[in-house]
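These are the residues of each chain, in order.
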Amino acid sequence: MEMLVIKGGRPLSGSVVISGSKNSALPILISTMLSKKVSTITNVPHLADTRFLVELLQSFGASCELSDNRATISCDHLTSFTAPYDVVRKMRASVLVLAPLLARTGQAIVSLPGGCAIGTRPVDIHLNGLMRMGAQIEVIDGYIHGKLTRGGFVGAEYEMPLPSVGATENLIMAAVLAHGRSVFYKVAKEPEVVELCRALTKAGAKINGIGSSTLEIDGVAELDGLSYQINPDRIEAGSFIAMASGTKSAITLKQVRIDELSNVMERFSAAGVKFNVVGDGDLVDLETQAPERLNAVDVETAAYPGFPTDMQAQFMAAMTIARGTSVIFERIFENRMMHVPELRRMGASIDVKNGIAKVSGREALRGAPVMATDLRASASLVIAALCAGGTSEIRRVYHLDRGYESLEKKLNQLGADIVRCQQ
Ligand code: EPZ
């Protein structure tokens, strides 16, 4: 297994290009299954998860190529409708194949994803919504067996008990080719959901209310091939803001969407970070200047437009060396504080009770051997290691490779000292 060896305490400087969004790319690549024509998706990040997804689509009979951040996919003829446990276990987003497989083949057998490090993560909302739209669903021996007996999904109304990103995406994919109109209430409004809607709309889907909590979708008989460029990854951008903030650095993020980052920028601004936007299109450059020492500020994660749970660990890492005490409340996932014991190994002072962390800022952290437990926890350890005096070794770095394209290369170009080696 590989690990990262990071010599900390070096300031960062220069510019970094933010890659395409992982959490937009995954559902959009999956949604190409809804079309029989050739789809081309660009700015797809090269990640363990996107490469894995290409293999999954190929296992259904799709022809699929991913090179130079461009995916060319043809799902003209699907030959399989099964996503086995070994696949879904590795990447939870695989459960999003449920709706497209049903829409295209009338049947699907998809393993239940099960729990993971950050929480139990059930899929009841996905299944209840799809059943409302006419799917017959049974769970047998850990597998979801789905069937459509009326020649496709049937438009329906469904109110989500909570705004699940994945369930919203599964239902959108069910509704675009359904017979009649679907109306979904209290859906997730995350930018990744908006991107899926935009990509499908460009291919001929009829979706109203994009970006709001009610979506009205009129099913169409068929979709054109998708042709779409993925937006930059707001969580990667936020992670670089945290890295610059913790290392007292000034760096420029190239080509980001600040409308999607405002919740994160607002909290870092409160902590003393200065931002300057260069450019005036959708994609701008963001100059980020950290203060000599961050002020401690509180954060509570929430569904979009609230502060993203996917930035909680990275924000906490920055707060470990802030002036004062910061209270961080994780409200989306019940077990997303696995980074805390590892940050403590580096000298952080953090108490956790009922999903609420009290972080007492220290003057400095010190390098230590630590272990990554999930994707964003790994990013928080990289941030802490960059800030710490001395050397840190981050093990289980495969978590990081799932969601950050060329992270150590990008950081070394900014002046960090990171080496990847066998542990
Ligand atoms: C997406 O996961 C993201 N993954 C996650 O990013 C992100 O943390 C999460 O949304 C929240 O923003 C992808 O987009 C691939 P949810 P998802 O369904 O869709 C509960 C990362 O680090 N729930 O919005 O699985 C659930 O347990 C990852 O990149 C149900 O109860 O998240 C959680 O408490 C990790 N029943 C809450 O809803 C359901 O049927 C939100 O989960 C579905 C969800």
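It should be noted that the structure appears before, not after, this text.
Per chain, residue numbering runs from 1 following the sequence as it is written. Only residues with pLDDT of 70 or above have their local features reported here, since the model is predicted, and side-chain atom pairs are shown and tallied only from 80 upward, although totals for entire chains, interfaces and linings are computed over all residues. To get the side-chain values, take all heavy atoms of the structure and skip hydrogens and water.

Asker: Help me understand the environment of glycine 119, please; the structure alone is not making it clear to me.
Answerer: Its place among the elements puts glycine 119 in the loop between β7 (107-111) and α5 (124-132). When the C-alpha atoms of glycine 119 and proline 291 are compared, they prove to be 35 Å apart, with 172 residues separating the residues in sequence. The contact partners of glycine 119, leaving out residues within four places of it in the chain, are Glu334 and Asn335. We count a stretch as a helix when DSSP gives it H or I for four or more residues in a row; a strand needs E for two or more, and each element gets its number in order from the N terminus. The criterion used for residue contact is that any of the two residues' heavy atoms lie within 4.5 Å.

Asker: Is there a simple way to explain the packing of helix α4 (residues 98-105) against helix α6 (residues 165-175) in this structure?
Answerer: To describe two helices that pack against each other, one gives the angle between their axes and the distance between the axes. Following both chains from N to C, one finds α4 and α6 inclined at 15 degrees, their axes separated by 8 Å at the closest point. Between α4 and α6, the crossing angle belongs to the class labelled roughly parallel. When you trace α4 past α6, the crossing you get is right-handed. Residue-level contacts link Leu98, Ala99 and Pro100 of α4 to Asn170, Met173 and Ala174 of α6. Lys, Arg, Asp and Glu make up the charged group, whereas Ala, Val, Leu, Ile, Met, Phe, Trp, Tyr, Cys and Pro make up the nonpolar group; the residues left over, Gly among them, are polar. Residues that form the contact of α4 with α6 fall into these classes: five nonpolar, one polar and no charged. Axis definition: a line fit to C-alpha positions, over the contact stretch in the case of helices; interaxial angles, taken between N-to-C directions, run 0 to 180 degrees. By definition in this entry, angles of less than 35 degrees are roughly parallel, angles greater than 145 are roughly antiparallel, angles of 65 to 115 are roughly perpendicular, and the rest are oblique. Helix crossings fall into two classes, left-handed where the near helix is turned counterclockwise from the far one by less than a right angle and right-handed where it is turned clockwise.

Asker: What is the right way to read the environment of valine 382 from this model?
Answerer: Position of valine 382 relative to the elements: it lies in helix α12 (residues 375-387). Sequence separation of valine 382 and glutamate 408 is 26 residues, and the distance between their C-alpha atoms is 9.5 Å.

Asker: Looking at this structure, I do not really get the packing of aromatic side chains. What am I missing?
Answerer: In this description, a pair of aromatic rings is defined by centroid distance and the angle of the planes. For Phe, Tyr and Trp, rings pair up if their centres lie within 6.5 Å, where Trp contributes its six-membered ring, and each pair is then called stacked (planes under 30 degrees apart), edge-to-face (over 60) or tilted (otherwise). Applying the stated criterion across every chain, the model contains two aromatic pairs. Taking the centre distance of 5.5 Å and the plane angle of 70 degrees together, the rings of phenylalanine 307 and phenylalanine 315 count as edge-to-face. Each member of the pair, phenylalanine 307 as well as phenylalanine 315, carries the same accessibility label: buried. Buried means the residue's accessible area, taken with a 1.4 Å probe over protein chains only, is under 20% of the maximum for its type, while exposed means over 50%, and partly exposed covers the values in between.

Asker: I'm lost on the pattern of salt bridges in this one. Help?
Answerer: Should their charged atoms come close, side chains of opposite charge can pair. The rule for a salt bridge is simple: a side-chain nitrogen of Lys or Arg has to be within 4 Å of a carboxyl oxygen of Asp or Glu. Per the stated rule, a full pass over the model turns up 21 salt bridges. Across the pair glutamate 236 and lysine 410 runs a salt bridge, and its minimum N-O distance is 2.7 Å. Of the two residues, glutamate 236 is situated in helix α8 (residues 234-246) and lysine 410 in helix α14 (residues 407-413); the sequence distance between them amounts to 174 residues. Given the relative accessible area of 11%, lysine 410 is considered buried. The closest approach of N and O atoms between glutamate 260 and arginine 257, which form a salt bridge, is 3.5 Å.

Asker: Whenever I open this one, the site of the ligand confuses me. Can you help?
Answerer: By convention in these notes, a residue is near a molecule or strand provided one of its non-hydrogen atoms lies within 4 Å of it. Among the 20 residues in the neighbourhood of the ligand, the closest are listed as Asp124, Ser164, Val165, Asp310 and Ile332. Polar contacts here mean pairs of N or O atoms no more than 3.5 Å apart (in protein, one a potential hydrogen donor and the other a potential acceptor; neighbouring residues in sequence count only if both atoms are side-chain atoms). Contact between the ligand and lysine 22: an oxygen atom at 3.1 Å from a side-chain N or O atom of the residue. At a separation of 2.6 Å, an oxygen atom of the ligand approaches a polar backbone atom of isoleucine 332. Surface burial for the ligand is 85%, taken as the share of its 840 Å² of free accessible area covered by protein chains. Mapped onto the shell around the ligand, the elements with two or more residues apiece are α1 (22-31), α5, α6 and α12. Computed by Shrake-Rupley with a 1.4 Å probe, the accessible areas treat only the displayed protein chains as cover when residues are assessed.

Asker: Explain helix α2 (residues 48-59) to me, please; I cannot follow it from the model alone.
Answerer: Residues separated by three or four positions in an α-helix point in the same direction, a consequence of the helix having 3.6 residues per turn. Compared with an ideal rise of 1.5 Å per residue, which puts 12 residues at 16 Å, α2 spans 17 Å between its outermost C-alpha atoms and is within 8% of the ideal. Of all the residues in α2, the buried ones are Asp49, Thr50, Phe52, Leu53, Val54, Leu56 and Leu57. Check the buried side of α2 and you find it contacts α1, β4 (63-67), β5 (70-74) and α3 (85-90). Under the convention used throughout, the expected extent of a helix is 1.5 Å for every residue step, that is, one less than its residue count.

Asker: Before we go on, may I ask you to explain α8 in this structure?
Answerer: The end-to-end C-alpha distance of α8 is 18 Å, a good match for the 18 Å that 13 residues give at a rise of 1.5 Å each. Within α8, 13 of the 13 residues are buried, leaving the element largely enclosed by the surrounding structure. If you check the start of α8, you find a side-chain oxygen 2.9 Å away from the backbone N of isoleucine 235, and it comes from aspartate 233. Just downstream of α8 lies lysine 248, where phi reads positive at about 55 degrees.

Asker: Would you take a moment to explain the nonpolar core for this structure?
Answerer: Generally speaking, soluble globular proteins have nonpolar side chains that are buried together. Grouping buried Ala, Val, Leu, Ile, Met, Phe, Trp, Tyr and Cys residues that are joined through side-chain atoms within 4.5 Å yields what is termed a nonpolar core. Of all hydrophobic cores here, the largest spans 75 residues; its most connected members are Ile172, Val176 and Leu200. With six residues, α6 is the largest single contributor of residues to this core. Residue contacts for isoleucine 172: discarding those within four places in its chain leaves Phe184, Val193, Leu196, Cys197, Leu200, Ile207, Leu215 and Ile217.

Asker: Looking at this model, I keep getting lost on the environment of isoleucine 207. Mind explaining?
Answerer: Considering the arrangement of structural elements, one finds isoleucine 207 in strand β12 (residues 206-208). Relative accessible area serves as the criterion here: at 9%, isoleucine 207 is assigned to the buried category. Each C-alpha atom of the pair isoleucine 207 and alanine 318 lies 40 Å from the other, and the pair is 111 residues apart in sequence. If sequence neighbours within four positions are ignored, isoleucine 207 has contacts with Ile172, Val176, Cys197, Leu200, Thr201, Leu215, Glu216 and Ile217.

Asker: I keep staring at unusual backbone geometry and nothing clicks. Help me out?
Answerer: Following tyrosine 304, the chain continues into proline 305 via a peptide bond in cis, with omega recorded as 10 degrees. The backbone phi angle of arginine 121 is positive, close to 50 degrees, even though this residue is not glycine. Mapped onto the secondary structure, arginine 121 falls in the loop between β7 and α5. Using a relative accessible area of 27% as the deciding quantity, one classes arginine 121 as partly exposed. At serine 406, a position not held by glycine, the phi torsion is positive, near 50 degrees.

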